[in-house]
Amino acid sequence: MKPGFYDRPVLEVARDLIGCMVTHQDCAGVIVETEAYHDSEPACHAFVGLTPRTETLFGPPGRAYVYRSYGIHALLNAVCEPPGVGAAVLIRALEPIEGLDHMRARRGVEAVRQLCSGPGKLTQALGIELHHNGSDLLSGPVVFSPRPRAWRDVEISIDTRIGITRAAELPWRFCAAGSRFLSRPVGAASAV
DNA sequence: CATGGGATTGACT
DNA sequence: GTCAATCCCATGC
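Note that the coordinates shown come from a computational prediction; the quantities given were computed from them, not determined experimentally.

## Details of helix α2 (residues 100–107)
Taken together, the buried positions of α2 are L100, M103, R104 and R107. Along α2, the residues classed as buried sweep out an arc of 100° about the axis, all on the same side. Among the exposed residues of α2, those oriented more than 90 degrees off its buried face are D101 and A105. Each element contacted by the buried residues of α2 is listed here: β2 (27–38), β5 (87–98) and α3 (119–126). One or two positions beyond α2, positive phi appears at G108, with a value near 75°.

Have a look at this one:
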C-alpha cells in the first residue's frame with residue numbers, strides 16, 4: 001500500500017482494504033471481510049488506554065497488531081490513524097489466491113471455503129503468529145498490497161461487527177458483496 | 001498474587 | 001443449538 005494509507009480514519013481504511021491482497025511467504029489471499037476498532041468505543045482493546053497489550057495499537061500506523069483470542073487463535077489487525085490514537089482494522093476473511101496446498105496442510109481441511117473464512121482461520125492458513133505483532137506491513141514478512149485489477153470496483157456491504165458484547169450496534173463491518181468466503185453472511189445478526 | 005473474561009473454532013447433541 | 005479448549009493480560013485485593 002502507499003505510505004500514508006493507514007494514517008487515515010479507521011473506517012475509511014477498513015472499507016478500502018476490501019479487495020486488497022495479504023501475502024505471507026508463499027501464501028496470499030484477497031481481503032473480503034474487515035471490521036474497524038477505535039479507542040473511542042468499548043469493543044476496542046485500546047479503550048482501556050495504553051497498556052503493554054495495547055502498545056502496538058497506539059503506535060505508528062501501518063503495523064500489524066496480532067493478539068491471542070480465547071487462548072487459542074491469533075487474530076490479525078492493521079494499525080491505523082496517527083501515533084497516540086488506538087485504532088485498527090481486523091482482517092476477518094480472505095479469498096485464497098496462492099499457496100492453497102500450504103494452507104490446506106496448516107489448516108487440516110481441504111475445502112477452499114474453509115481455509116480463510118474467519119479471523120482465526122486465516123492466520124492459521126497463512127502461518128501468522130503472535131511474534132508478527134508490531135511488524136511493518138510494507139516491508140513484511142506480512143505484506144498488504146493494493147487491489148488487483150479484477151477487484152478495482154468491488155461492491156461493499158456494511159453490517160454490524162461479530163462476536164462482541166459492547167458497542168455491538170455500530171455498523172463497522174465491511175464485506176465484499178456476495179463473496180462466498182465470508183466468515184458469516186451479511187445480516188446474520190448473532191448465531192454461532 | 002488470584003481471578004475473570006474474551007474481536008473463535010470445531011466437535012457434539 | 002450448546003459447549004469446552006486455552007492463555008494473555010487487565011483488574012482488584
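Next comes the rest of the write-up.
## So, α3
Within α3, six of the eight residues are buried, leaving the element largely enclosed by the surrounding structure. Turning to α3, its buried residues are P119, G120, L122, T123, A125 and L126. Considering only its buried residues, α3 is in contact with β1 (21–24), β2, β4 (73–79), β5 and α2. Once α3 finishes, G127 follows within two positions and takes phi at roughly 75°, a positive value.

## A few points about the nonpolar core
General note: in soluble globular proteins, nonpolar side chains tend to be found buried as a group. Y6, L17, I31, I91, L126 and F144 are the most contacted members of the largest nonpolar core, which has 47 residues in total. Per-element accounting of this core gives the leading share, six residues, to β2. Filtering out sequence-adjacent residues up to four positions away, L126 remains in contact with V22, H24, C27, L94, M103, R106 and C116. Within the second largest apolar cluster, 13 residues are counted, among which are A43, C44, A46 and A88.

## Thoughts on the protein's contact with DNA strand B
Residues in contact with DNA strand B amount to 20 residues; listed here are only the nearest, Y67, H73, N77, R107 and G120. The sugar and phosphate moieties of DNA strand B supply 51% of its atoms located within 4 Å of the protein. The separation between a phosphate oxygen of DNA strand B and a polar side-chain atom of H45 is 3.2 Å. At a separation of 3.0 Å, a base oxygen of DNA strand B approaches a polar side-chain atom of H73. Of all the elements in the fold, those that place two or more residues in the surface near DNA strand B are β3 (64–69), β4, β5 and α3. Looking at the surface near DNA strand B, its residues break down into nine nonpolar, eight polar and three charged.

## Focus on the pairing of β5
Burial of β5 is extensive: nine of the twelve residues sit out of reach of the surface. Bridging between β2 and β5 involves ten bridges; their strand directions are antiparallel. Following the sheet pairing, E33 is matched in β5 by A93. In this sheet, β5 lies alongside β4 in antiparallel orientation, the contact comprising three bridges.

Definitions and cut-offs
Residues numbered from 1 in each chain as written. Chains lettered and ligands numbered in written order. Predicted model: local features only at pLDDT ≥ 70, side-chain atom pairs only at ≥ 80, totals over all residues. Heavy atoms only, no water. Buried < 20%, exposed > 50% of the residue type's maximum accessible area, 1.4 Å probe, protein only. Helix = DSSP H or I, 4+ residues; strand = E, 2+ residues; numbered from the N terminus. Arc of directions from axis to C-beta. Contact = heavy atoms within 4.5 Å. Core = buried A, V, L, I, M, F, W, Y, C linked by side-chain atoms within 4.5 Å. Near = heavy atom within 4 Å. Polar contact = N/O pair within 3.5 Å; in protein donor to acceptor, adjacent residues only side chain to side chain. Nonpolar A, V, L, I, M, F, W, Y, C, P; charged D, E, K, R; others polar. Pairing = 2+ DSSP bridges.

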